[in-house]
Structures are given as C-alpha cells and as structure tokens.
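Here is what each chain is made of, one letter per residue.
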Amino acid sequence: EDPEPPLGINVLEATFKWRPNYVSDDMLINADKDANNWLHYGKDYQATRFSQLRQVTQDNVKKLVPKWNLSFGVNDAQDSQTTVVNGRIYVTASQNKVFSIDGATGRMLWKYERSLPGDLGPRLCCEAVNRGVAVYKDMVYMATLDTHVVALNNTTGKVVWEKKLGDYTTGEIYTSMPLVADGKIVVGNSGGDVGANVGKITALDPDTGEIVWQTTTRPTDAKDPNAKTWANDSWRTGGSSAWLTGNYDPKSNTIYWGVGNPTPDFDPSVRKGDNLYSNSTLMMDARTGKIKNHFQYTPNDAWDYDGNNETILVDDEKGRKVWLHGDRNGHLYSIDRVTGKCNWVVPIARVNWVTGFSDNCRPIVNPEKVPGYDKIAKDIAPILDGGKEWHPAAYSPKTKLLYVPYIDSSMDIQAKKMEWKRGEWFLSSKVLKANPYTGGIKAFNATTGEVVWSRPQSTPATSGMLATAGGVVFAGDAEGWFHAMRDDTGEALWRFNVGTGIHGNPTTFTVDGKQYVAIVYGPGGGSLWPLVYDELFKHQNRGGGMMIFGLSE
Ligand SMILES: O=C(O)c1cc(C(=O)O)c2c(n1)C(=O)C(=O)c1cc(C(=O)O)[nH]c1-2
C-alpha cells in the first residue's frame, strides 16, 4: 500500500499496486543493461537512447495503440520525457509541474506545481520549458525556471529541500534534467542569450542540496588564461550557458557537458578570439568539477550554433573510445573521448558557413556568411536552430548506426552594435530572417560517418530519437506525427497523430512485464522558431501532455 493517499484524478482502476521506487547507484551504472526502466536523460550513462526491449518488433509495431493519456493542463511548450522506475512514471510539464503516475493505468499518484514569479515570462528565451526529472535513491530532483533545484520525496511528492542557485532577474533559468553522477546531482544553467549570465555547472549533495562544486564555462576573472580568447574583456558579457544535460563515464569518473554560444550572438567583431569554452564539450572530473579537457566545435561563433548538444559514448568498430556529437553548426563529430581529439567530421544537413576543416576538425569559415554591420549576410546554412537542434540522437549497438534528427534551413543576418543591459536579450542583430524549413532523419555509420539511410520530411525534425532491440526506431515531428521506422532501412512502419506538435523525447520501458512507448507532446520552445514556425503551424492547437502506447491485445 502507498503510505500516502494518491491525489486521485485520472483513476482508471480502483486498486493501487505498490511499485518499489528506490534507485541505487548500481541501477544507475547498469542502466545500459536494464530494459525495464528509463533512469537517465539518455537512457544510460552513455546516452544511447537504445532499449534492449524487443516485444515491439518490425512485424507487430503496427499494432501499437494508445493505452492512456495524461493532459498536463498547460499551454506552453513541452520538451520533456519520462523517467521510469519499476512501472512508476515521473514526467514534467512546462511551468515546472511534476507528475508521478502509475504506468499500468495512467492513475496519478501525486503532482507538484511550482509557484513561479509573475515577471519571469519576458526573460524566457524558449517558453517555460522543462526537460524532466532525475530520480535517485528515494528522491526526485527538478531544476526550475526560477533557478532552484528542488528535491521531492519520490513516493509522496513532498518537498524535502530547495536550493537557490542564481537570480532569474539576470536572465538565468534552468530547463534541463539533472544528471546523477558520482553520488551528486549535477545541473547546468540556461539564459546564454542574455549575456551577463555566466554558464555554470553545479554539483549538489543529494541529501541536503549543499553545493559540492561549481564550475563556470567562461572566464569570470581577467587572470583566467581563457580571458585571452575574448578580445577587450568581452568575456564579461559572454554568455556560454550549460543548458542541456551532460553524461558520465563512471570508469574514468568523467562528466561530459556541453557549453552554449557566446554573446552577443551575431556580432563576433566585439569578441575576437576563440571565446573559450563557448560551443564546446567539457570533460570534467566528477569529484571536483575540474575541467580536464575540452573540444570546441565553433570557435568565435557568429550564428548562435551553441555546442550543448548531447555526446553519445560509443566504442566504435575500429576499437576507438569516442563520443559522437551532432552539433547545431550542421556537423556530426567523432571525438576520441580519452584524448579529446577529433577523428572525423561530416555534414548532417545543408551547410555553407565553412569551406573546409583544418587540423583537429577546426572549421575554416566562409567569410561571406559572417554577419557584419554593413550588409545582410544571406542564406547562411544552417539556421540558428541548427542543422540539428537540441533534440537528442540515438545509437543502436545492434545496427551500429546513429539516428540523427536534422533540419535543413538557412537565415539572413545583419549585425548591429549593441550595449549590454542587465537581464535583456543580447543578440546584436539588425536583421534576422529565417528561410523555410524542411528536415528529416538520417542514419550514420558510427565508425565512418557515412550516411546509411535518410528519410526527408517536409517539416523540421523536432523530437529526440529512440532505438530498440526490436529493430524499431521512433521519432516525432512538428505536425504531431509519432513515427516508427525500421532501424536498418528507415522504412516507415507505423504512425499516429497526437493532435499537436511533438518536441519531447520518446522513451520505452516495461510495466508489469509489458513494453510501452511514451511520447510527450505539445508545441516547441525553440527560441526564434516563431519567425517561420508560426506560419507553418498556425493551424495547430496548443495544449500538451503525454501519450502511452502499447500493443493491442
Ligand atoms: O543559450 C541558452 O541558454 C539557451 C537555452 C535554451 C533552453 O534552456 O531551452 C535554448 C537555447 N539557448 C537555444 O538556443 C535554443 O535554440 C533553444 C530551443 C529550445 C527549446 O525549448 O526548444 N530551448 C532553447
């Protein structure tokens, strides 16, 4: 019996089954072998988004039907995904709501609704999004828009502690799922496009919320050796937030964490230099937070390409230990995860801001595509949202393919001089125009970077990917279609329209021995998407939720 009475809405079944919900360190470390649960942002510490489940196959996937649905009761953008422990589902909605649900019935066990400050709105780059909760031991952890980490009891939803990490009036917010690594709760901040807000990654004690370490992603002091990579002390207003969840290698005790764009976004002339560590993946010591190494994808970024996207830890067929990273700058990278050196780089989508690469995959920039004050740089590809947005790719150890959601589009930009003001957007653009979007899914050979198959679509790819041992790959799109395709050819197998756009990440797990597939749906948060997006999808209704699919009986 549940020690606390559930809230009791969405009741499909009168009886309640107790489901153990304690998450141990061993469960977290062995999540790559655990078919039943979904414990990490990327399913396992390697961030593969691959499930060993094979009840849903290429043959029977057309029998998938909705089993139950949860309405979030909010209209904002929905970027979230489930965390699943022994059939209990934890999911967040925008506005920092958390729901605990019985996976078999959809019955709500508890919900937590944060009361957010009324003046938060104008400071949000991408609506009031949240990307999910971490569950560790007997607690649930969420990072909030008003810069707190809140710890809830995972059985009752009651607040155990709260820790304030910043000041939302500066533009700093938190939108992503915490990472549990080395016994600590690790979070990264958002708000990079509101320049003063320094990127930071913070590790907290899970029991008390005390800060164990905090690492900043760019200089905060002129004595920092990286200050030389920002001309005229431009690091002072240099952004470089840490807004997506990193991942972890327990063997080397290394955390991999991405860093976003420098600010002002579109005027690189006022911050000459490489602007370290903007647009990089950091390799950090999980014990101390010390930066051991890094790889920078876009030095002196002029296009808001960020560098936050996920790193997927793969041992490739040449025996190399690598991370694979699809960047907003339109390229897929294989980086040696021991040395931090680049193995190869290939395009994901249409790209014209580079003319090639020099040593260690350093881009050679096409000067025509760099925004300046005196003319509009036209048709820069990719668009600021990226050749791949933040939506994570999946890697299947069965096919050895990486499944990447891509966007084909371009933008026109003219820069302008701009003074930084506390808590305000710091883009420095006079003209910022998006050109029409398409996109799709591409499957890459994880060892060579060759494209094995491609499924173009008329809309940008706006959900994360899920790969399964059953040979089925799942993805959603901005028109609301939730798709299943073959992992080896990309051939379409099944689809279902959820009634609004999909911008969350699919997951799969078992409840009482049966495989389910979950998708969070609702409009997207993408920063400047309304430029084109509103036009494309103005027929769509808002409203978000989560739909759970299972095989019909
Ligand atoms: O620089 C930042 O701090 C930051 C934060 C976020 C966010 O936290 O969601 C986004 C972005 N940048 C961004 O560039 C972007 O395109 C974006 C899209 C979305 C979304 O919710 O779909 N968030 C964000």
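Rules behind the numbers
- Residues numbered from 1 in each chain as written.
- Predicted model: local features only at pLDDT ≥ 70, side-chain atom pairs only at ≥ 80, totals over all residues.
- Heavy atoms only, no water.
- Pairing = 2+ DSSP bridges.
- Helix = DSSP H or I, 4+ residues; strand = E, 2+ residues; numbered from the N terminus.
- Near = heavy atom within 4 Å.
- Polar contact = N/O pair within 3.5 Å; in protein donor to acceptor, adjacent residues only side chain to side chain.
- Areas by Shrake-Rupley, 256 points an atom, 1.4 Å probe, with all protein chains shown as cover.
- Nonpolar A, V, L, I, M, F, W, Y, C, P; charged D, E, K, R; others polar.
- Buried < 20%, exposed > 50% of the residue type's maximum accessible area, 1.4 Å probe, protein only.
- Salt bridge = Lys/Arg side-chain N within 4 Å of Asp/Glu carboxyl O.
- Axes fitted to C-alpha atoms, helices over the stretch in contact; angles between N-to-C directions.

S.K.: Which residues make up the sheet that holds strand 34 (residues 481-486), and what values do they have?
M.R.: The sheet built from five strands is open, its strands ordered 1-32-33-34-35 with mixed pairing. Edge strands, defined here as strands with exactly one partner in the open sheet, are strand 1 (50-51) and strand 35 (492-497). In this structure, strand 1 lies alongside strand 32 (residues 466-468), joined through two bridges in parallel fashion. Across the sheet, the residue bridging to Ser51 is Thr468, located in strand 32.

S.K.: Any chance you could break down the site of the ligand for me, citing the residues and the numbers?
M.R.: For the ligand, the set of nearby residues contains 20 residues, the closest of which are Asp79, Ser190, Gly191, Gly192 and Ser241. Contacts to the ligand include Trp243, whose side-chain N or O atom sits 3.5 Å from a nitrogen atom. Within the side chain of Trp390, an N or O atom sits 2.9 Å from an oxygen atom of the ligand. Here the ligand, which alone exposes 470 Å², has 99% of that area covered by the protein. Split by residue class, the shell around the ligand holds five nonpolar, nine polar and six charged.

S.K.: Lay out unusual backbone geometry in plain terms, naming residues and giving numbers.
M.R.: Looking along the chain, the bond that leaves Leu276 and enters Tyr277 is cis, with omega of -5°. Relative to the elements of secondary structure, Tyr277 occurs in the loop between strand 16 (254-258) and strand 17 (280-285). Note that the residue after Ala381, namely Pro382, is joined by a cis bond; omega there is 0°. Examined against the element boundaries, Pro382 turns out to sit in the loop between strand 25 (377-380) and strand 26 (394-396). Although it is not a glycine, Cys361 sits at a positive phi angle of roughly 60°. Position of Cys361 among the secondary structure elements: in the loop between strand 23 (354-358) and strand 24 (362-365). Classification of Cys361 as buried rests on a relative accessible area of 8%. Positive phi, close to 50°, is recorded for Asp512, a residue that is not glycine. Secondary-structure assignment places Asp512 in the loop between strand 36 (507-511) and strand 37 (514-521). Classification of Asp512 by relative accessible area gives partly exposed; the value is 44%.

S.K.: So what's going on with the pairing of strand 27 (residues 401-408)? Residues and values would help.
M.R.: Of all eight residues in strand 27, seven are buried; the element is thus mostly enclosed. The hairpin formed by strand 26 and strand 27 contains four residues between the paired strands, and Lys400 there has a positive phi angle of roughly 60°. By the bridge criterion, eight bridges tie strand 27 to strand 30 (residues 438-445) in an arrangement that is antiparallel. Bridge assignment links Tyr403 to a residue of strand 30, and that residue is Ala443.

S.K.: Explain the pattern of salt bridges to me, and be specific about the residues and the numbers.
M.R.: Taken as a whole and assessed by the stated rule, the structure comprises 26 salt bridges. Note that Glu113 and Lys97 form a salt bridge whose closest N and O atoms lie 2.7 Å from each other. One end of the pair, Glu113, is in strand 6 (residues 108-113); the other, Lys97, is in strand 5 (residues 97-102), and 16 residues separate them in sequence. Assessed through its relative accessible area of 44%, Glu113 is described here as partly exposed. When the shortest N-O distance is used, the salt bridge between Arg236 and Asp233 registers 3.9 Å. The network of salt bridges with common partners includes Asp304, Asp306, Arg328 and Glu389.

S.K.: Quick rundown of the pairing of strand 16? Include the residues and the values.
M.R.: Both faces of the sheet carry side chains from a regular strand, because those side chains alternate between them. The buried fraction of strand 16 amounts to five of the five residues, a majority that puts the element mostly inside the structure. The two faces of strand 16 match: Thr254, Tyr256 and Gly258 on one face and Ile255 and Trp257 on the other face are all buried. Here three bridges tie strand 15 (residues 247-249) to strand 16, and the two strands are oriented antiparallel to one another. If you follow Asn247 over to strand 16, its bridge partner there is Tyr256. Connecting strand 15 to the antiparallel partner strand 16 that follows it, the hairpin turn spans four residues, and Asn253 within it adopts a positive phi of roughly 55°. Note: strand 16 against strand 17, five bridges, orientation antiparallel. Looking at the pairing, Trp257 lines up with Leu282 of strand 17.

S.K.: Account for the sheet that holds strand 28 (residues 411-415), with residues named and values stated.
M.R.: Taken in spatial order, the three strands line up as 25-28-29 in an open sheet, and their pairing is antiparallel. The open sheet has two edge strands, strand 25 and strand 29 (429-434), and neither has a second partner. The sheet shows a mean angle of 15° between the axes of neighbouring strands, direction not considered. Pairing geometry for strand 25 and strand 28, over two bridges, is antiparallel.

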